[in-house]
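# Coordinate inspection notes
So the chains spell out like this:
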Amino acid sequence: MDSLVRTMRIIWRAELLIIEAKLNVATKRIGSMAFAGLIFVFGLGMLNVAGFFALEEGWGPVYAALGVAVADFLIATLLVVWGSRLSTGPELDLAREVRDAGLLELEAKAEHIQDEVDAVREELLTLKKSLLAFSRNPLDGTINALLTPILTLLIKSLTKGKG
């Protein structure tokens, strides 16, 4: 029973490692996407400023604002690409292997327990049949149980007396 509890704890810890690895990647993805969104908003703001300057003054400060907006869009794009390519890494694979091994061991123990239960059931059925036979005719069972030792003693005593 202790090994069953140990196996269940190993499976539980493996599941926690899997969840932790997935949560770690999810938080990094969310952070990078939020930062990319923030930079995108700044880029959009700069694009608006650039459009305003384009209408207001010709070409001087417009190119500076437009250049900043393009740079913001490039940074945001790089962050989105990086965030979408994050993966959990080898620790997740290891945790899955440990979980799967624990589940296999648990299944083997369950099969072993089932075999033991089947063996006990067969023994109980045999005992039930014996009790039913004894209850139907208790004299036969008693005679058979007593007759064998009595005959053995009688044969031994007769062979000792002749020798």
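Up top is the structure.
The following paragraphs examine the structure supplied in this document. (Residues numbered from 1 in each chain as written. Predicted model: local features only at pLDDT ≥ 70, side-chain atom pairs only at ≥ 80, totals over all residues. Heavy atoms only, no water.)

A few words now on a nonpolar patch on the surface. Taken together, the side chains of Phe 40, Leu 44, Leu 47, Leu 66, Val 70 and Leu 74 define a hydrophobic patch exposed on the protein surface, amounting to about 500 Å² of accessible area. Counting residues per element, the ones that place at least two in the nonpolar patch are α1 (2-57) and α2 (60-84). For Leu 74, the position within the fold is in helix α2. Residue classification places Leu 74 among the exposed positions, given a relative accessible area of 53%. (Patch = residues over 30% accessible without salt bridge, like charges linked within 9 Å, V, L, I, M, F, W, Y side chains within 5 Å. Areas by Shrake-Rupley, 256 points an atom, 1.4 Å probe, with all protein chains shown as cover. Salt bridge = Lys/Arg side-chain N within 4 Å of Asp/Glu carboxyl O. Helix = DSSP H or I, 4+ residues; strand = E, 2+ residues; numbered from the N terminus. Buried < 20%, exposed > 50% of the residue type's maximum accessible area, 1.4 Å probe, protein only.)

Here we take up the side chain of Arg 99. With respect to the helices and strands, Arg 99 occurs in helix α3 (residues 90-136). At 3.0 Å, the side chain of Arg 99 and the side chain of Glu 15 are in polar contact. Residues in contact with Arg 99, not counting those within four places in the same chain, are Ile 11, Ala 14, Glu 15 and Ile 18. (Polar contact = N/O pair within 3.5 Å; in protein donor to acceptor, adjacent residues only side chain to side chain. Contact = heavy atoms within 4.5 Å.)

Along the chain, Leu 94 falls in helix α3. Between the alpha carbons of Leu 94 and Ala 14 there is a distance of 8.6 Å; along the sequence they are 80 residues apart.

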